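Working through the structure, step by step
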Amino acid sequence: MSLNAYIRYVCGLTGTKAMCREGGCGACIVTVRAKRYPSGKTETFSVNSCLVLVFSCHGWDIRTIESTGNRLDGYSDIQKLTACLHGTQCGYCTPGWIMHLNSLKDKNLTMAQLEKSFGCCTCRCTGFRPILEVIKSVAIDAPPKLSQRLKDIEEISTCAKKCQRKCSVKSDCSDWSLLEDSGSVTKIELDFGKYKFYKVYEIVDIFDILNREGVDSYMLVDGNTGKGIVETFEYERVLIDISDVMALKTFKVDQNLILGANVSLEDCITIFTEISKTESDFEYLDEVVKHFELIAHIPVRKIASLAGNLMYKRAYPQYRSDVFLLFECLGAEMTVQNSKGNTYTLRLEEFLHHDMQGIVIVNFMLPPLNKTTHLFKSYKIMPRSQNALAIVNAAFLMKLDSKNNVQKASIVYGNISSTFVHALHTEEYLTGKCPFSNETLQGAIKALDGELVPSDNPPEATPDCRKKLALGLFYKFMLSICPTTSTEPIYRSGANIFTRPVSEATQDYVTDSSLYPLNQPVPKLEALIQCSGEARYANDLPPQKSDVFGAFVLSTVHSGEVDKIYENEILEIEGVLAIYTAKDIPGENTFITPGLQLQTEKEETLATTIKYFGQPIAIVVAQTEELAAAVAKKVRVDYKNTKKSAPVITIDEAKKDSSRYIAGEGTLEPTSKGTDVTKIIKGVYEIEAQYHYYMEPLTCVVQPVDDMFMVYDSTQWMEMTQTAIARCLNIGQGKIVVKVPRVGGAFGGKITRNGQVAAACALVASKQDRTCRFILPLQTNMSIAGKRLPCQCEYEVGVNDDGKIQYLNATIVEDAGCCNNDNVTSYTSSSFGNCYDISGYTLNTATVLTDLPSNTFFRAPGACEGIACIEHIMEHIAFAVKKDAISVRLANMKANNTDIPEMIETLKQDVDYDKRCADIQQFNKDNRWVKRVIKINVMEFPVIYYGNFTVMISIYRMDGTVTITTGGIEMGQGANTKAAQVCANALGIPLDVIKVISHYSFVAANDVFSGSSITTESICYCILKICETFDKRFAPVKSRKPQATWLDIVKSAAEEGIELTSCYMMSDKDESLSGYSAFAVSIVEIQLDVLTGRFQMLRVDLLEDVGMSVNPAVDIGQVEGAFIQGVGYFTCEKLVYDKATGKLLTNRSLTYHVPLCQDIPIVYNVKLRHNQKNTKGVLGAKTCGEMGICTAHGITLALRECIMASRIDSGYDSTQWITIPVPYDTEAILKALDVKLEEFVFTTSD
Ligand SMILES: Cc1cc2nc3c(=O)[nH]c(=O)nc-3n(C[C@H](O)[C@H](O)[C@H](O)COP(=O)(O)OP(=O)(O)OC[C@H]3O[C@@H](n4cnc5c(N)ncnc54)[C@H](O)[C@@H]3O)c2cc1C
Ligand code: FES
Ligand code: FES
């Protein structure tokens, strides 16, 4: 059992969350105090509770989020600061961040060190900026403004406990120990029948156990972090915990540095840092430290061992172990011991082929290297800046003699192929030569080019990309060691890898305090309980022994039918209770109800006809979540009638088959056509899909109550859940009560797709007559859940010399997946015009059916794609007519759109645009290998009201407090907080008497889904209407008692029998609600490392028009978060499928890369347009939940310009427009750059 399962299901402490269960997301982080080697001291550190085996926690003092502060004991300063600085949105990630910060806050770290320390945590909502501010506030060099905020909080902090200590003060109060530190070193032996667990303290004990138990199936458990690496991890029969074997954890320096085999990677960093300072022959460890800091992240590194890492490299040769790379390049050796007590040494390459059965690695030896003769550097190029395996990693060591001739070269690469280690030919070529001439360099590049043959191994980047990277890194290394006298200045910046300074940010908005609490930037109402883990999500219902867990069995084919499921094999497994298939469904086998908004077809809950690889075909029911998930992967299934052909997984393939092509409703018809056509421009723009990566997976808990079902669902659409269950169980909707406490991130992905989970969960609950919990493991979630629709835009535009469009013909085709539900083509067409005059536009839209899960809504569905397409076309026009891209946009602007031109001017002034442009031009002239670009982007987002939303407000007569419940699901966007602000304002009462409670299907019956940004406005509108009703009801009382307080009025009204509860349902038919446009302008400055394809956003300034915001701080959060989600969409989030089977290959946190906190702009400024009241909408505000993502495409435009600048330097035709697919990841960028190998030189002439 993992520590996470123990904490949640045995201790019932649900504050600690889980998402990926592979150490990748940070939702599960807890803090530990334990005695550690090699320090021998009790240390505080954090771990991913999903990776740690609970039995390995012997002697650990584990603190979960519940221990850090809560409503009974008072909240900690960090919790309060996180709430005050708006560091939570959905709140699902928050406990993980806070626990990790707790483990670091007393370590005297600088802001730079702290910012770097959070590669372990993911937040999909906030865009990280506010969380980074909290983190930096505990730094020893925090600027006064920031540290003062923490001090202010400290001063108002008092703890409810008797000690009355300040919560931030270090204290030895240890009332939250789960396990006592007995200090004992007694061996532990736990016998679970099939499995045995041992804990040992001596190496000899390991061999004793192996002699007794045999070596057929055993594992030496140290960090157990390998569990996060291996896709299908299974424990061996015998587990021997060696995490406290001191002999494996110590180090010493004799001639070599001798490191115990199981020294953790983080402890290595400490040791290396120390030794590099004191021992001159080990100065090279400085470089090793930089590389180790890029391995995984702190919680993993703190428990992950050197030996464990290398054993994985041995077991999975393709695994790009950074430890292996570095140690092999440096010529490290290892000592191993066999059961006879014999020890011997192995070189690392030897070890890869050595039989390690029953053998223990004892230590590693790193050699001393004279710094005057040895030049060492290593590189790791990742898809994002932290917590990712390398696309390619490389380490270079050169020993030079006094004449700068190479005596020995060691060139090692990772992720070239499973057999490639050293570039032997290049090493040989360089030996005896001085490498600092163009000729030798080119010779080496040629040798390297010949011997690097990367394997084709999806989802890894293409062989071409990895080769380009490998060559670029070698050149980078050569530039870095070449004396500056031998390199021309223009090439020198190629020697560096980007470093990241401490991030900076501003938020600029004006508020009118006379309107407070309206327009007030109050913290989210639930922020504190989110920071303490008290906020409950669907699966936080207290556990009961009788609970059962469901897990989907996924198809391993993309077509056909299930012939046979070998159920008996599964039912024999202890703890497995049942397996259900479609035939067990008493009602209809569909989780979609055609007729509901945008739902046209039924979709099977458990497939009888398989439409894509990884479709749910059965449910395994087991006593624990881990068992259900593990067993579901093992179910043996026979299929019939499967197609031999490969699945159709791209728009181009689907377009060839007319039966897959469905014309879209969204079209644009021209009303006029210009005649001044001097240029015709044609092109195709393609954008791939995006996975939501909500931190709370698709989750449902169904509890049979009386003859009804209580459903706790993580959904954006309660009606969808209710109807899915009613149809599945063949019962009336009235027997189903859906309660949504809150949702841990959704972004459109929980509008319809959770219906499948809810129906399956209810099926189990009904069959077992017990509470069933259904929580999708990440791999399942990513495989079955539809994503943002990939889209392809083919266009032809006729323009005049100024780039003004005379006519435009475009067709946008979107990939619907296996079914056409959740169609977004009308959103695409309504956004395609953006802020431009569309009188000459012809647009047709269509969807195609592919053999993939049914795609679905994702933040600004269709609109984000539509805007990106037209912006791409504008860029193409500007390129073709050789005009400034903004002047082309202005030439095409709608006649009546004065907002965007004005906003462009405002922002240009604010950010010193013209001066920065000039500086950048000079920079690009001076630098061949780094290119910079600054780019302006514009967006107009059409806001429309749809559907219906209900709100119910109740006032309580004894104290005048108020509750609100709505159909507008709170999923991080701040709907509840704004609802309370509007209510407080309308009723003229303080905010703190209002409580917004969970969402209930019986209150908000038949409500539409929460999405498209308009949810908050819609419920605020309902609240205003209800408050008007109360005003009318209370008017007689008020006129009789003009001086009466709120409580007096309420009491009197109650006494007079006036109803104190009221409901209102708004609908899109309400004439006082009409759509409007929201605007944004952004200015993005980026720099691109031409040799690696990696880039940095140096500065982003966003100016967004949100009208007169109900809560500007919440809106800033929406803008910042959505923009970063867009950064992921357009640059690093990539879905790769196996072409032969249709299997999603990037279905893990290690393979699907969302941005992390070091990926955000270094300077990130957001301004809400000053003094703008929306003349339409609700209360003068404009919605902003989706707009941020629609401005992020600007990064691709900036990157394209950087690429073009480099291509011109390479001598390519400057008038050639190149097609670059989205996302602009390293692969796409390197391909587009297409640097020529002969350009890798030190000087332009020798
Ligand atoms: C999220 C995440 C990100 C990661 N990113 C990276 C990365 O960027 N780069 C990288 O290189 N790695 C990465 N890793 C891998 C990580 O470094 C390894 O998982 C880790 O080093 C394994 O150490 P462990 O102590 O946890 O091994 P365990 O998982 O406990 O054990 C692994 C194996 O080693 C064997 N073993 C352990 N000690 C000995 C010994 N003394 N003698 C013989 N056999 C032994 C065990 O029997 C077992 O088979 C990542 C891991 C995670 C979870
Ligand atoms: S890191 Fe443990 S659940 Fe993601
Ligand atoms: S607030 Fe971080 S994931 Fe939602």
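Throughout this description, residue numbers start from 1 for each chain and increase along the sequence as written. To label them, take the chains in the order written and letter them from A, then take the ligands in the order written and number them from 1. Residues qualify for local features only when their pLDDT is at least 70, as the model is predicted, and side-chain atom pairs are given and counted only at 80 or more; totals for whole chains, interfaces and linings, by contrast, use all residues. Remark: hydrogens and water are excluded; side-chain values derive from all non-hydrogen atoms of the structure.

Under an unreviewed UniProt entry, the name given to the chain is Aldehyde oxidase 5, and the source organism is Bombyx mori. UniProt positions are given in the numbering used here, feature names are shortened, and annotations may be inferred rather than shown by experiment. Taken from UniProt, the Sequence similarities (unreviewed entry) comment for the chain reads in full: "Belongs to the xanthine dehydrogenase family."

So, about the sheet that holds strand S16 (residues 504–508). Either a parallel or an antiparallel arrangement is found when strands of a sheet pair, and the pairing is made through backbone hydrogen bonds. With mixed pairing, five strands are arranged side by side in an open sheet as S16-S39-S38-S37-S31. Every other strand in the sheet has two partners, leaving S16 and strand S31 (930–943) as the edge strands with one partner each. Averaged over all pairs of adjacent strands, the angle between their axes in this sheet comes to 10°, without regard to strand direction. By definition, two strands form a pair when at least two bridges between them are found by DSSP. Numbering goes from the N terminus for both helices and strands, where a helix is a DSSP run of H or I of at least four residues and a strand is a run of E of at least two. Relative to strand S37 (residues 1076–1089), S31 runs antiparallel, the two being bridged by 14 bridges. Residue pairing in the sheet places Val933 in a bridge with Ile1086 of S37. Seen against the sheet, helix H34 (residues 1112–1132) touches S16, strand S38 (1095–1104) and strand S39 (1163–1168) and runs at an angle of roughly 130° to S39. Between the N-to-C directions of two axes lies an angle of 0 to 180 degrees, each axis being a line fitted to C-alpha atoms and, for a helix, fitted only over the stretch in contact. Should any heavy atoms of two residues lie within 4.5 Å, those residues are counted as being in contact.

Membership of the largest hydrophobic core comes to 299 residues, with the highest contact counts inside it found for Tyr413, Phe474 and Phe832. It is helix H27 (residues 863–881) that provides the largest number of residues to this core, a total of twelve residues. Counting 65 residues, the second largest nonpolar core, distinct from the first, contains Cys28, Ile269, Val323 and Phe364. Throughout, nonpolar core names a set of buried Ala, Val, Leu, Ile, Met, Phe, Trp, Tyr and Cys residues whose side chains join them through atoms within 4.5 Å. A 1.4 Å probe rolled over the protein chains alone gives each residue an accessible area, and that area as a share of the maximum for its type sets the label: buried under 20%, exposed over 50%, partly exposed in between.

A word on the confidence of the model for the chain. A score between 0 and 100, pLDDT records how confident the predictor is in each residue. On average, the chain scores 95 in pLDDT, and the residues at 70 or more come to 97%. This model gives residues 156–180 a pLDDT under 50, and the stretch forms 39 contacts once residues within four places in sequence are excluded.

Structurally, the position occupied by Thr1092 is in the loop between S37 and S38. With relative accessibility at 0%, the residue Thr1092 sits in the buried group. One polar contact links Thr1092 to Asp1089, side chain to side chain, over a distance of 3.1 Å. Excluding residues within four positions of it along the chain, Thr1092 makes contact with Ile381, Leu469, Leu473, Lys476, Thr1226 and Leu1230. Any pair of N or O atoms that falls within 3.5 Å is considered a polar contact. Within protein, one atom must be able to donate a hydrogen and the other to accept it, and sequence-neighbouring residues count only if both atoms are side-chain atoms.

A residue counts toward a patch only above 30% relative accessible area and without a salt bridge, and it is joined to like-charged neighbours within 9 Å or, for Val, Leu, Ile, Met, Phe, Trp and Tyr, to nonpolar neighbours within 5 Å. Using a 1.4 Å probe, accessible areas were evaluated by the Shrake-Rupley method; residue-level cover was limited to the displayed protein chains. Salt bridges are defined as contacts in which a side-chain nitrogen from Lys or Arg sits within 4 Å of a carboxyl oxygen from Asp or Glu. Think of it this way: Lys and Arg go in the positive column, Asp and Glu in the negative one, and His and the chain ends go nowhere. For charged residues, the charge sits on one atom: NZ in Lys, CZ in Arg, CG in Asp, CD in Glu. Taken together, the side chains of Asp652, Glu653, Glu686 and Glu688 make up a negatively charged region of the molecular surface. Along the chain, Glu686 turns up in strand S23 (residues 679–687).

Now for the pattern of salt bridges. Counting across every chain of the model gives 73 salt bridges. Where Lys136 meets Glu115, a salt bridge forms, and the shortest distance between an N and an O atom there is 3.2 Å. In this pair, Lys136 is assigned in helix H5 (residues 129–137) and Glu115 in helix H4 (residues 111–116), connecting sequence segments 21 residues apart. Each member of the pair Lys136 and Glu115 is classed as buried. Lys894 serves as the salt-bridge partner of Glu940, at 2.8 Å between the closest nitrogen and oxygen.

Once that is clear, we can look at helix H13 (residues 322–330). Burial runs high along H13: nine of the nine residues are buried. Residues Asp322, Val323, Phe324, Leu325, Leu326, Phe327, Glu328, Cys329 and Leu330 constitute the buried set of H13. At the N-terminal boundary of H13, the capping side chain belongs to Ser321, with an oxygen 3.3 Å from the backbone nitrogen of Val323. At the exit of H13 stands Gly331, carrying a positive phi of roughly 75°.

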